[in-house]
Amino acid sequence: MQMNMEWYRIFLHTAKLGNLTKAAQELHITQPSVSYAIKQLEAQLEVKLFDRLSKGVKLTPEGEEVLGYVEKSFTALQAGEHRLQSLKNLSAGELRIGASGPIIKHLLLPLLDTFHAEHPAVRIRLSQGKTSDIRARLKAGQIDIGLVHMPTSDHELDVHHLTDIQSCFVAGQAYQQYSNEPLTALALSRIPLLLLSEGSSTRAFVEQWFTAQGVQAEADMELSSMDMLIELAGRGYGAAFVTQSFVKEELDSGKLLQLRTIQPIPNRSVGFAIRRDSSLPLVASRFLELLR
C-alpha cells in the first residue's frame, strides 16, 4: 500500500476540527481539495473514515482507530524535526573523538575546552589509545574523528596534516654530564632508556632512528604513559624519549635536561583522520572547523 502523507495530514486536521471547510482554511487549501484527499484515503484503506453530517463530519469507529495511529506518527515526525534542529544548533548530540594521551593533554584539551564552553549541551565522548587503536575505532564507527601520528596510511580513512612536533631525549639532573655535548646514538643507547611501550607509533619511530644509525637500542623501562616517562626521567632513572613541547615547563625549570644528539631527530606530524566514505555528524563537522 502506497502511503500519501498529505492525505493523512488533511485527515488529521479534519478529524480534529470536525469540519471540511475549517480544515481547508487551516491548511490554506480549498474545501474540494480536502474532500478529494479524504475520498482518496478512504478508497485506499477501503473503509469509511467520516460520517457526513449537516454541519460537518464525525469520525466512524474505523476512523477513530486510524486517528490514534496518525496522531502518534505526526508526533514522532515533529519530535524528529525538533531533534534535528537541536543537532543543527549544537544544543544536543555527541562529539566522539579519540587520540593518544599526550596528544589529548597538550593538543586536544585546549580545543575541547573552547568547544565545551561554546556548546555545553553537546556530550563529549573521548577515547584514549595508540594510533593503531584510534584507527581501529574509527573504522569500527566507534568514534568520528581521530588524532593520529603520521604517516598513517589506510584506504578506509582520510588523514589530514594538523601540526608538526619535535621529539627529544630528556633526563634529570643525575645525567647532567651528558647534556654538555651532543651524543651519538650509540652513547645514548648506553644510558638507561625510558620508552613508550611496544606497538606505539612513538616507540616505532625512535627504534627506527636508532636502527638507521646501526644501533640496536633496548628499553630499560617501557611505559604506556608519556607523563610517567617524564616523571621517571626527572627522578633520575634514565633518558626518556618524549615530545619536546610537552616538557617545556620541566626544561625551563631545570627539572629536566635535554640530551642533544649528533644525528638530528626528524620532526613528526600529527594529523586528524575521518572515515572516507561516511558523512560526519553535524557536531563533528563543527569541531573540525575549530580543529583546522
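Model, not experiment: these values are computed from the prediction.

Caption draft 1: Local environment of the packing of aromatic side chains. Under the definition given, this model contains 8 aromatic pairs. When the ring of F169 is compared with that of F241, the centres are 5.0 Å apart and the planes differ by 55°; the resulting orientation is tilted. Residue F169 is located in strand β7 (residues 167-171), and its partner F241 is located in strand β10 (residues 239-243); the two are separated by 72 residues in the primary sequence. Here F241 falls in the buried class, since its relative accessible area comes to 2%. With 5.1 Å between their ring centres and 75° between their planes, W209 and F210 make a pair best called edge-to-face. F210 matches W209 in its accessibility class, with the two residues each being buried. Ring pairing ties together the aromatic residues F169, F205, W209, F210 and F241, which thus form one cluster. The ring of Y69 is capped by K72, whose NZ or CZ atom sits 5.9 Å from the centre of that ring. Note that R268 overlies the ring of F205, its terminal NZ or CZ placed 4.8 Å from the centroid.

Caption draft 2: Expanded view of the sheet that holds β10. Spatially, 5 strands are ordered β9-β8-β10-β7-β11 in an open sheet, and the strand pairing comes out mixed. Both outer strands of the open sheet, β9 (221-223) and β11 (257-259), are each paired with one neighbouring strand and no more. Sheet twist, expressed as the average angle between the axes of neighbouring strands with direction ignored, equals 40°. In terms of strand pairing, strand β8 (residues 193-196) meets β10 through 2 bridges, oriented parallel. Looking at β10, one finds that L193 is bridged to A239.

About the thresholds
- Residues numbered from 1 in each chain as written.
- Predicted model: local features only at pLDDT ≥ 70, side-chain atom pairs only at ≥ 80, totals over all residues.
- Heavy atoms only, no water.
- Phe/Tyr/Trp six-rings, centres within 6.5 Å; stacked < 30°, edge-to-face > 60°.
- Helix = DSSP H or I, 4+ residues; strand = E, 2+ residues; numbered from the N terminus.
- Buried < 20%, exposed > 50% of the residue type's maximum accessible area, 1.4 Å probe, protein only.
- Lys NZ or Arg CZ within 6 Å of the ring centre and 35° of its normal.
- Pairing = 2+ DSSP bridges.
- Axes fitted to C-alpha atoms, helices over the stretch in contact; angles between N-to-C directions.

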